[in-house]
Structures are given as structure tokens and as C-alpha cells.
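Take a look at the letters that make up each chain.
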Amino acid sequence: MKIAVPIKFVPDLVEELNIDSSGAALDTSWLRLIINEFDDHAIEQAILLKERGGAEVTIICAEGDGVDDILFNAAAKGADQLVKLMGSDAAMMNSHATARVLADFFKEIQPDLILTGVQAHNDLDGSVGALLAEYLGMPYVGYVAGVTAASGSVIARKEYPGGIIGEMEVKLPAVLGIQAAEQPPRYVAYSKINQVSKTVKIEERAISDLDSSGGATVGRMFKPEPAQRAEIIEGSPEEVADRMVGIFKELGVM
Amino acid sequence: MSYDTIKSIIVALALLVALGIFVRYAWQRLWVYLRRGQTSPKFSDWGERIKGLIVFVGAQWRLFRFRLPGIAHFFIFWGFLLLSLTILQAIAEGLMAFANPQFVLPVIGTWGPLAFVQDFFALFVVIAIGYGLYLRLIVNPERYKGSHRNQGVKVLTFILTIMLSLLVMNGLRINLNEDLLGRYRPISTLIGGLFVGLPEATQSIIEELCYWIHLGVVMLFLTELPQGKHFHIVTSIPNVLLRNLEPRGRLPVTKTSDGAAGVSKMEDFRWRTMLDLYTCTECGRCQDVCPAYNSSGLLSPKLLVMNLRRNLQERGAALSAKQTNGVLSKSLTGEIVGEEALWNCTTCYACDQECPLFIEHINPIVEMRRYLVLEGKMDKMLQDALANLGRYGNSLGQSDRMRAKWTQGLQPAVKDARREPVEYLWFVGDYASYSPTLTDVTRKTAEVFSKAGLNFGILFDAERNSGNDVRRAGEEGLFEMLMGKNMQALGKCKYETIVTTDPHTYNTLKNEYAWDGNRPRILHYTELLDQLVASGQLKFSKKLAAKVTYHDPCYLGRYNGVYDAPRRLLRAAGCEVVEMPRHGDRAFCCGAGGGRIWMEEKPGHARPAEIRIREAAALTGVQSFVVACPKDVTMFKDAVKTTGNESRLQVQDLIEFVQEAI
Amino acid sequence: MSQDIFVLIEHLRGQVADISYIMLAAARTLASSSGGQVAAVLLGKDAQKLAGNLAADKVLYADSPALTEFTSEAYQLTLAKLIEEQSPRAVLFGHTTIGADVAGWLSGKLSLPLVSSCVNFTSDGKFLSQTCGGKIMAEGDLPSPTILVTMIPGGYKSEQGQAAQASAIESFTPPALDNLRVALKKYIEPEAGDVDISKSPFLIAVGRGIQNKDNLDLPNELAAAINGTVCASRPVVDQGWLPTSRLVGKSGKRVKPKIYLALGISGAPEHVEGINESDVIVAVNTDANAPIFNVAKYGTTLDLLDLVPQLTEKVKQAKGG
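Procedures and definitions
- Residues numbered from 1 in each chain as written.
- Chains lettered and ligands numbered in written order.
- Predicted model: local features only at pLDDT ≥ 70, side-chain atom pairs only at ≥ 80, totals over all residues.
- Contact = placed C-beta atoms within 7 Å.
- Nonpolar A, V, L, I, M, F, W, Y, C, P; charged D, E, K, R; others polar.
- Domains from an automatic or database assignment.
- Helix = DSSP H or I, 4+ residues; strand = E, 2+ residues; numbered from the N terminus.
- Axes fitted to C-alpha atoms, helices over the stretch in contact; angles between N-to-C directions.
- Parallel < 35°, antiparallel > 145°, perpendicular 65-115°, else oblique.
- Pairing = 2+ DSSP bridges.
- Buried ≥ 20, exposed ≤ 12 C-beta atoms within 10 Å, placed from the backbone.
- Expected span 1.5 Å × (residues − 1).
- pLDDT = per-residue confidence, 0-100.
- Left-handed = near helix turned anticlockwise from the far one by under 90°.
- Core = buried A, V, L, I, M, F, W, Y, C linked by C-beta atoms within 7 Å.

Caption draft 1: Region of the structure containing the interface of chain A and chain B. Facing twelve residues of chain A, the contacting portion of chain B comprises 20 residues. Looking at side-chain class alone, the side of chain A that touches chain B contains seven nonpolar, two polar and three charged residues.

Quick look at the structure:
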């Protein structure tokens, strides 16, 4: 089985984020980028599938700071091919553009299964997976936490709220949006990454003309007011309980 | 054939067989098996090594840390050495019996004062063995748990039999006037007195019987010796001679053939480590002082060594027999030594320090952890911490740009050592920089430094975690990366002395960083302040009337021998320092070291920090539990709460007292 | 082409998800600026009864065995046909395990723009979305003729999306739903054994303020009523009142639920370390100076022993009604 895992880099939320002078985008000068955590799970799931039943795993990422390290990290885990898309900025492509670029590439390499993070925290135009599936004419199932290979299909365990799992049989080729791998992404020791970086090659692939149409157009970005201290709900136990139930409903947990 | 000739033949045969067995085992274990291990670095500094032999083998120095058992062992050891000469005499006597039944070796069999000393030592050994049997059979202390009790008792019985048979034999010889040195053996004379009434012929038979018992048990002992824990009689001398003379805080690294660090099978260990395994006497002192053993019970340094030794033997035999499976397919980290045991070590050094024969525990534990890290087999929290350390240079997962946020608003402003030369470069460390509970203490430290008139600065966001515990958690590659970044940052600064907040940082900077012979002066802040008080540069205006106890951080005390400076400082500030039962080099670890602070603690049993707080809470009148390590603050503040001692004890950093007293 | 606002009603095993009502409330705001109607789009098999309390002007209903339970492909194909035929002004989907599976695909299929993680629509008809984990808000226009939007809770109240009586149901014919490549084999219930607290969206955490083991009945009852999970801070676990698997904090699990209801928890850093990624923390602590109020969004200084029984009662009422 050929498994492709397209991954993307997102702003690291540990850093303070700022808006640039246009007022409609993040200030990239201070931005630190890290791998989208769901993509990290997608890599892990691909490696698990490979370990269980054999597979050829290809990891694809747009170029950027720290991308080589993550690709080597994936290779140290067991990925077979590393592909870097050149001529683009990982932080700048929206999901539509990314999905189009990836679709072109996948039409060439014809993977049986594409695993990608179900979303990224900076997706403003949906996730790459669902778009990619449509562009490739493949079925898509997202929020997957566990995949088992069968012949000509996979069983994807789709997570619903409350811990209910829907077992979906998906015919291959297909795209799955990974919410969580069956186990947390494994740790790779530095020495292993160093070793791999000396032996494994990253294939570079040029991309041209980005087509971002279909994405949301942002007119303004701003930081929400930080909540300083808890809003204290006053009143009798009954009143407070009423208000709390209201809050729970607003937040959609009831 | 006369009896004497037969005796000679039997003695000669027995000697041959016993020696044969001994040599066979010893050769197999010390030559065949050990040679499969990795090479050890060259041994140098032979003067120091021989000195150690005198102090630690000859004078049995470390054994006296457990007083009575130490004294008992001292007599057994010396008794053994002195009385091995009588054994030589007995063997020679037997071998020469065909020619001269009264054969005596020159000096050994003829020198009165020697006989006198031997006679008394035989008694001492009997008493010591009696104590040993009492310990094993009646007291049976916790530290013996898991040791080979029967083997111990057997050998004690052997020695007892050898001694008693000797004393009876000598006593009877005195009675029969066969002993030229009889007047030098008062003890034997006394024992002989018990037999005086018997006919001479009977005495003679008993004497001959004792000879055979004596010699027979000696031969049995000789065959037993290389097979169990008593092999230490042979290996302890090279083990002490070839002990690790590097600073305690410098972890050795064995690189395997493919360049990676990490031990995944017995043969990946250095042969020197294997020698350690053979030297273990199963005395359990290490286990007795181990914080992991005394809390979760998931790790015993003694059992770890015993399990490794067993694997060394079994694998050794299997490899020699060219087997391909069985014991050879058992995983070292998992089946031989449990992963949980390996991760429970706090690297506090109590075990290594306690071992009378310098067996290293932390070193092999870290070697095996390195392999587990390579395999990605670790606690999820540790994994997150390591990932954070790799990405941000701190375990807390905070932005490296925020490292010096605690300095904001400080007057005078803290200098940037990268921009201007300073006298003291203050290496602040992760917890002191980021932890919300600790930054207040860190600001107080800055205030004290300023008031003492120090020209100091910090590395701001160029500082990274020093890597001390990263290395001990087994992530050698990450340690190298962190060290490289810190060295690079330090290399761009002009300073004279590095001062650290964290004893862990202090340890690795001082003992492990690659200074290439240009190591600057490195001080822990307690050392620096102590010096400033001594020189009069730092003066206290107040005398605090607090009654406190001081907890020695492992990496300051045991690892680097800094015990007095913190105590002097506290006293100078007016505090009365009350010691806990375990203090100084016996201080009980807080449980945070070696990366433990990043790992999940399994509740359900006392944690090391809680045990320690209970120890302190039992001291009358002590209000403060003083620490000098940021990790201690975190660990003990939690423990004070969980043990319900919040109102009873306050956990404070030493700097808080200094700041208050200025 | 119309000015109507479509809302995809999400349901799982006969239960309409709360996000559907929230979206209906949002759709009402949008419809009033666009001048169109709110249409609830319901796909199912004999599922008309689910339309009972949807606050919509009409319900567009497709009935097919293939739509009995959600599968991405059947939903995608059905919705593609509907949207293509009716060309509404906007289609709202939950940014959920159901909505997000179809919205992106439709954007590609129909070449329609898509906005995700929308919390609010402004009165002048703009979207307001959360991005970067809520650290940044993004605002923008909703391009014509049709925009697809995935929504997250927070901006609207679900009550506003509920109506007393049912709206008119207009049935529409789904496309041929055969040869589907995605099929639901079965649902698997969460294990009856101990729960994974890091996966629960509603955590009820108890701290030392619970005082004794018997009092644990209170949070347990609340958890049962609201389908939440009880977890604890260190002292409670150390007492052996709850198993280790329920421990939150430095030495336990790190959690990020939608709601973290902290009962009698002071908010020691060791604990806060494990919860600061929660969406909303609600703190109950008699000590007004407890640090937990620094990380909580809402709080009360009532005694948890007084509050919790009331809360359980209110939750039961709200669920029953």
C-alpha cells in the first residue's frame, strides 16, 4: 500500500501572535512555525499501518523553517520518501491552494491512502483533507482515530462526541482526516534524526501558480480581549445554578 | 601405602579439583564473558588508585557507614587474609605428609607473633560470623530483601566451620604437644582444654578429623567462591583499584559500534561495568538508601545489579554454547530490568556513594535509558518535556523569548551579558526563569546580587536548559545540542565566573561541559554568597531568629561536596540550623532528579518528597524547610500540602533568608 | 438563486446535536440582513420527527435509507444536489465531526467559497471566525452568491434556535445514493471501564473542598445528569477517593475539555498546568482569592456542597424540557 501524508506548518501558539500593518494577516516576522499537531498524528498513524501490514510512506510538506527537521524526524520513525514543495511559503497557502497543489502531485504518484491532520488551528477555509478528496475524486472521512487496513478498503474509526466511535468502511483510494493516531506520536531521539539526516534525501519539487480561490477573504484580524479574572456570578445557589446551566448551553455542551 | 602417603595424594587431588573448578569458573567469567564487553577508557592515576585500595579495601572505609556490620566485616576480611596463611600451612602439611607428617612452612608455620594474631582473629571471625548469622537469620533487615539468603548463610557456615575446625585442631595439637607455637595460641589452648580428659588416641583422631573438615570445607569454599556473591573476594580488589576516578557528576558515555549511545544488550556494556556486577555482595546498602526503593519500591539498585549479573552469566553461557535463542532473545530493558525500574531512578547518587566496593548503578541505568529513548519507549510527560526542550530550550514548553520575562521592572535592570562584560555570569535555569512559583525567588536573588554590589548579567533568551537532567534521562543527542547552544552563547560573552541558581545546572556546567581546559570558575549561588559574607562584601543587618532545617540538594551535596556554605550562610543570617537525621552526604533525595520531575508519579505510595517532609516535620520547633534548588521548591511545596504539614512547615529557598537579613 | 440561509441539522442516533440550534440562531441573524428565510436541512430516514423544535422558516427534508445515519459521502452528494439546485445565500455547517466532513468537499465540488470556525455574524453581514486556537479573530465579507460556513459554539444561544412548534417540511429528492464508497459498519460505545478524562468535553473536577469521600456523590450525580466526567486534583486522588486515572495536573493528565468545572480547587500551579488549555473554566471556591479565579472565565464563591445539588437539579430540568 502506498500511503501519502501531506503535512503543514502552523504558527506556534506558545509565542505571542501579532497582526501585521495591513491589519488582515499575522505578522510573520516574529512567527515561529511548528508542525500541525494533527498532522503529527497522521504521520504516526501511517507508520503504525506500515509496521502492521507494510506500506510505503511518503511525507509531503511545503518548504519553510524547520521543515527539514520534521521530515527527517518522520524518516527516523519509518517514512520512506520525503518530499518538499518548493516555491511556496508554508504559512501563506490556504487550504484550497494547498489541496490543489497536492492534488496535482498525487495524480502523479497515485497513493492508495492519504492521511492528513483533520484540521489545523489556522484553517480559515476548511481543512485540506476534504478538499483534496474532492479534487482527486476520492471519498473522505474526517475525525478519524484509528485505521485498520482491509483488502481494497480501510476501516476508519470516526470519533463522535461523547466517545462514540463510528466504524466506517472506506473504499480505497481514499483520504482520511486524522484526529488522533492509535498511540501518541512517538519520540525520536536527536541522535537518530542526525543519523537519518546524513543518509536520507529530501526530494524537492517545484510548484508554481498558487490558486487560492475558494478561500475566505479576511478583511480584518484582531486579538480578542483577554479575560483578566473570572466573572463572579453572584446570587443564591439556585440563581447561580441557573446561570451556569445557561453558560453550559451557550457553550453547546448540553 | 601409608596413611600419610594417602593423605598427600588425597590433598593433592582435592587441591587440583578445587583449583580446577575455581580457575575454570574464574576464567570463564573474568576472561571469556568480560571480553565480550566494550572497551573501557585507559586507567591512569595509579597513585590515587592504590591509595583507594588501602583505604577502601584495606581499611574497609565505606563499610563503617553501617557501623556494626562494618566492624564485623572488617574482622572477617582481615581474619580471612591472616588465616589464609594457616590454610596454606594446612595444605602444605597435607601435601608433604608422605615425606614429613610434621611439615611446617617457614615463617608461616614458625613465627610465633603471627600465630598469636591468627589465633585471636580466628576468634574474632567466629564472633563476627555469629553476628552475621544473627543478622541474616534473626534480624533479616529490609536491605537483604531479594539477596541470596541461603547462599549467604551457606558461606557463613563454611567460614564458621573452617574457623572452628582450625581452633579445635590447633587446641588438640597443643594438647598432644604437636604444636611448636602452642604457647602463642591462647584461644586454641583454651579450646583444647575442653578435650583434656579424653584419651590421647581419641584426641588424635578428632584432630585428624578436624584437619579433614578444615581442608575439605576450604576446598568446597574454593569451588563455591567464583559462582556467587562471594566472588567479590576475588573481584573487589580490581574493582576498587579500577574504580571511576572521574568527578561524580560526569556521566560516562559508551558509544556502540553504530555511533549511537545506549545499551540494549549485555555486551553493549563496558567490561568494567560487568566487573561491577560480579563484585556485588548483595549487602543492600544501596537499596537501603534509595529514594525510589523507599517510595514506590519499583527500583532496587541491588536487584538491578543482581539481575544484570544473572543475565551476564546466562547470556555468557548461551553465547559460549553458540545458542541462538532462549535467554539470548530476552530483552535487557524490559525483561531483565523492568522499564519502570529504570525510569524510577532519581540519579541521587546515594547508592553509588554507599557501595563499599564502588559499584556504579546510575551509569548503567542511564546507559539503558539511552536505549529506551532511542526506541521512543518513555513516559508521555517525559516525551513532552524532551520535545519542549528541543524546541524551546526549556521543559515547560514556554517561548524561549520569554525566558527573561521575570527581569521586567527590576531596578537596577539586569545586565545583558551578551552586550557588556560582566564579572559574574548568572546561569538562571529553567524553573527559576519560568515557573510562576519561583520567579519571585529569582527576583529576590537578583536583588541580593545587586545589594552585594556584584557586576552580574544573564544570557537572556540565549540561555537554554543546561541539559543535566536531559542527559540523565538518556537523551544524549539533545544534551549535546543544548550544551552546544549554551557554549556558543557563553563563548560570545566576557565574564569571569559563572554562578548558577540550580545545582543541576551547576553540576553539568562544572563537570560535563566541554570547556577544553578553559573552564571558568563556576559557583553555586550559596558558595558565592558565602564567600561574599566571609570577605565582608555582603553584610547582614538583621539577625533572623528562625529555627530551620536545611535540605542538601543531591547535585550540590553528594555530587559536588558543597555542604558547609549554605549552612554558614543560614547561620550568618541568624538562623539556627537543626539537622534532619539524614543530612549532608546522607540527605534523602526530593525525587525530582534525573528527569523524574518530568515524569508521571504513580500515586498510591509515599513519594520521596513526602518521606523527606515527614522527616523534617518530626524535628521539634523547626518552622522552615530550607532548600537551595528550584526543583526542591516545586517538589516540597507540593509534599508539604499532601502530607498535611502546611501549617507546620514552610518551604523556603535559602535566598529568601539572605534577602531578609540584608 | 435565493437569499435563504441553509443550516445542516446534525443528528446522531436520533439525537439532534446542540450545534444545530446554535446555527439556527446564527442563521436568523444572517437571514435578517440578507432578507431571506432560514431553512433547516435535515437528511435522514423517517427522521421527520427530529424537525419538531427547529426554529426555522422551513425544513428541507430528504429521506433515504442511505441517510439513516451520517456518512460523509451520502451527505456530500445529497447536499451538493440541493445547493446546486437552490443556490442559497449561505449554508451553515457545524465545525464538527459531521459538518466539517462535508463543507470542505462541497467547497471543492461546487467551487463555492468556504469560511470555517465562525463564531458570530456581525450585524453588517460579516463573519467573525476564531483562528490560531482562539488567540486571533478574523473578520471578513461573505461573498455572493453562496458561501459555505462551518460554525463553532460561543456566539449564539441554542435556546434561540429552538421553536415551540414544528415548521413546514418540504421534502426533496436526494440523488441516487448507490455504489457509495463510505459505509457505516457499526457504532462502538465508549468502554464501560474507566473513562479517559482527557477525552471528555465536560469535566467536573473535585479538589480538597469536597471534604470527604461521601460528598463525591454530589459531583457524580451532576456528571450523570450532564454526561460529564468526574476528575480530581492531587489531594483527592492521594486520599484514594478516586483512581489515578482521574488525576489532573502536573502529575496526572493534561486535559482540554470544553468546560472544566472546578469544584473546591484552589488552583495550585501544579494543577493549573494540566487545565489551562480548557476552553472555559468555571470555578467554585469559597476563597475569593483562590488563584483558580485567575484562569477561570466564570466563578462563584458559593460552597460547592450548596451549589452542586442545585446545579444537578437545574441540569435535569433543562434536559427534560
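Further notes follow.
Caption draft 2: Spotlight on the domain arrangement of chain B. All names here are of chain B. Along its sequence, chain B is carved into domain 1 (3–241), domain 2 (266–374), domain 3 (395–535) and domain 4 (547–661). Put simply, the middle of domain 3 and the middle of domain 4, counted by C-alpha atoms, are 22 Å apart. Taken together, the contact between domain 3 and domain 4 spans 29 residues of the former and 28 residues of the latter. Broken down by element, the residue count for the side of domain 3 that touches domain 4 peaks at six residues, all from helix α22 (residues 525–535). For the side of domain 3 that touches domain 4, the residue count by class is eleven nonpolar, ten polar and eight charged.

Caption draft 3: Quick look at the domain arrangement of chain C. Under the domain assignment, chain C is made up of domain 1 (5–171) and domain 2 (197–320). Centre-to-centre, using C-alpha coordinates, domain 1 of chain C lies 33 Å away from domain 2 of chain C.

Caption draft 4: Representation of the packing of helix α9 (residues 271–279) of chain B against helix α12 (residues 301–320) of chain B. Residue and element names in this part refer to chain B. Between α9 and α12, the least distance of the axes is 9 Å, while the angle of their chain directions is 110°. If you check the angle between α9 and α12, you find them roughly perpendicular. Across the interface between the two elements, M274, L277 and Y278 from α9 touch V305, L308, R309 and L312 from α12. Of the residues belonging to the contact of α9 with α12, the class tally is six nonpolar, no polar and one charged.

Caption draft 5: Molecular detail of the pairing of strand β9 (residues 136–141) of chain C. Summarising the sheet, strand β12 (residues 220–222) of chain A and β9(C) pair through three bridges and their orientation is antiparallel. Looking across to β9(C), one finds that A:M221 is bridged to C:A138. The pairing of strand β8 (residues 126–131) of chain C with β9(C) spans six bridges and is classified as antiparallel. Looking across to β9(C), one finds that C:T131 is bridged to C:I136.

Caption draft 6: Inspection of the interface of chain A and chain C at higher detail. Taken residue by residue, the interface counts 68 residues in chain A and 77 residues in chain C. Examining the composition of the side of chain A that touches chain C, we find that eleven residues originate from one element, helix α6 (residues 237–250) of chain A, more than from any other. Tallied by class, the residues present in the side of chain A that touches chain C amount to 38 nonpolar, 14 polar and 16 charged.

Caption draft 7: Looking closely at the environment of B:P69. Residues and elements named next belong to chain B. On the secondary structure map, P69 appears in helix α3 (residues 67–96). Residue P69 is classed as buried on the basis of its C-beta count, with 20 C-beta atoms lying within 10 Å. Sequence separation between P69 and C283 is 214 residues, and the spatial gap between their C-alpha atoms is 9.8 Å.

Caption draft 8: Region of interest: the sheet that holds strand β3 (residues 456–458) of chain B. Residues and elements named next belong to chain B. Spatially, five strands are ordered β1-β3-β2-β4-β5 in an open sheet, and the strand pairing comes out parallel. Edge positions in the sheet fall to β1 (415–416) and β5 (521–524), since each has one partner strand and no second. For strand β2 (residues 424–427) and strand β4 (residues 497–500), the ladder comprises four bridges, and the chain directions are parallel. Paired with L425 across the strands is I498, a residue of β4. Helix-sheet contacts for helix α21 (residues 503–511) involve β2, β4 and β5, and the interaxial angle to β5 is about 165°.

Caption draft 9: Molecular detail of the sheet that holds β9(C). Spatially, the ten strands line up as an open sheet ordered β12(A)-β9(C)-β8(C)-β7(C)-β10(C)-β6(C)-β1(C)-β4(C)-β5(C)-β11(C), and their pairing is mixed. With one partner strand each, in any of the chains shown, β12 of chain A together with β11 (168–171) of chain C form the two edges of the open sheet. Pairs of neighbouring strands in the sheet enclose a mean axial angle of 35°, with direction left out of account. Where helix α2 (residues 72–86) of chain C meets the sheet, it contacts β1 (5–8), β4 (38–44), β5 (58–63) and β6 (90–94) of chain C, and its direction lies at approximately 145° from that of β4(C). On top of the sheet, helix α3 (residues 99–110) of chain C reaches β1, β6, β7 (114–121) and β10 (147–151) of chain C; it is set at about 160° to β10(C), its chief contact.

Caption draft 10: Region of interest: helix α16 (residues 380–392) of chain B. All names here are of chain B. The end-to-end C-alpha distance of α16, which contains 13 residues, comes to 18 Å, matching closely the 18 Å that a straight helix rising 1.5 Å per residue would cover. All of the buried residues along α16 are M381, L382, A385, L386, L389, G390 and Y392. On its buried face, α16 is in contact with α19 (468–472) and α20 (476–491).

Caption draft 11: Structural detail: the confidence of the model for chain C. When the pLDDT values of chain C are averaged, the result is 89; 96% of them are 70 or greater. Ranking the elements of chain C by mean pLDDT puts helix α6 (residues 269–272) of chain C last with 70 and β1(C) first with 98.

Caption draft 12: Quick look at the environment of A:G54. Mapped onto the secondary structure, A:G54 falls in the loop between α1 (37–53) and β4 (56–62). Along the chain, A:G54 and A:Y187 lie 133 residues apart, while their C-alpha atoms are 21 Å from each other.

Caption draft 13: Fine view of α12(B). Residues and elements named next belong to chain B. When the terminal C-alpha atoms of α12 are compared, their 28 Å separation across 20 residues agrees well with the 28 Å that a helix rising 1.5 Å per residue should span. If you check which residues of α12 are buried, you get P301, K302, L303, L304, V305, L308, R309, L312, R315 and G316. Where the residues of α12 are buried, they touch α1 (3–33), α9, α10 (285–289), α13 (339–343), α14 (350–354) and α15 (362–374). Trailing α12 by a residue or two, K322 shows a phi angle of about 60°, which is positive.

Caption draft 14: Spatial organisation of the pairing of β8(C). Residue and element names in this part refer to chain C. The pairing of β7 with β8 spans three bridges and is antiparallel. When the sheet's bridge partners are listed, C118 is paired in β8 with S129. The hairpin formed by β7 and β8 contains four residues between the paired strands, and G125 there has a positive phi angle of roughly 75°. Counted along the chain from β8 to the antiparallel partner β9, the turn is four residues long, and its residue C132 has a positive phi close to 50°.

Caption draft 15: Expanded view of the packing of α3(B) against helix α7 (residues 200–224) of chain B. Residue and element names in this part refer to chain B. At a closest axis distance of 11 Å, the pairing of α3 and α7 adopts a crossing angle of 110°. Here α3 lies roughly perpendicular to α7, going by the angle between them. By crossing handedness, the relation of α3 to α7 is classed as left-handed. Here I87, A90, I91 and G94 of α3 lie close against α7, whose contacting residues are Y211, H214, L215 and V218.

Caption draft 16: Spotlight on unusual backbone geometry. All names here are of chain B. Residue P412 is reached from Q411 by a cis peptide bond, and omega for that bond is -10°. Mapped onto the fold, P412 is located in the loop between α16 and β1. Positive phi, normally seen in glycine, also occurs at N140, with a value near 45°. Relative to the assigned elements, N140 resides in the loop between α4 (112–139) and α5 (149–175). Even without being a glycine, Y349 presents a positive backbone phi close to 80°. Residue placement: Y349 occurs in the loop between α13 and α14. On the basis of neighbour count, Y349 is assigned to the buried category, with 22 C-beta atoms found within 10 Å.

Caption draft 17: Representation of the nonpolar core in the model. Counting residues in hydrophobic clusters, the biggest one holds 315 residues, and the most contacted among them are A:I59, B:F636, C:V7, C:L24, C:A40, C:V41 and C:L92. When sequence neighbours within four positions are dropped, the list of residues in contact with C:A40 reads C:V7, C:I9, C:L24, C:A51, C:L54, C:A56 and C:V59. Listed in part, the 54 residues of the second largest apolar core include A:V253, C:L263, C:I265 and C:A283.

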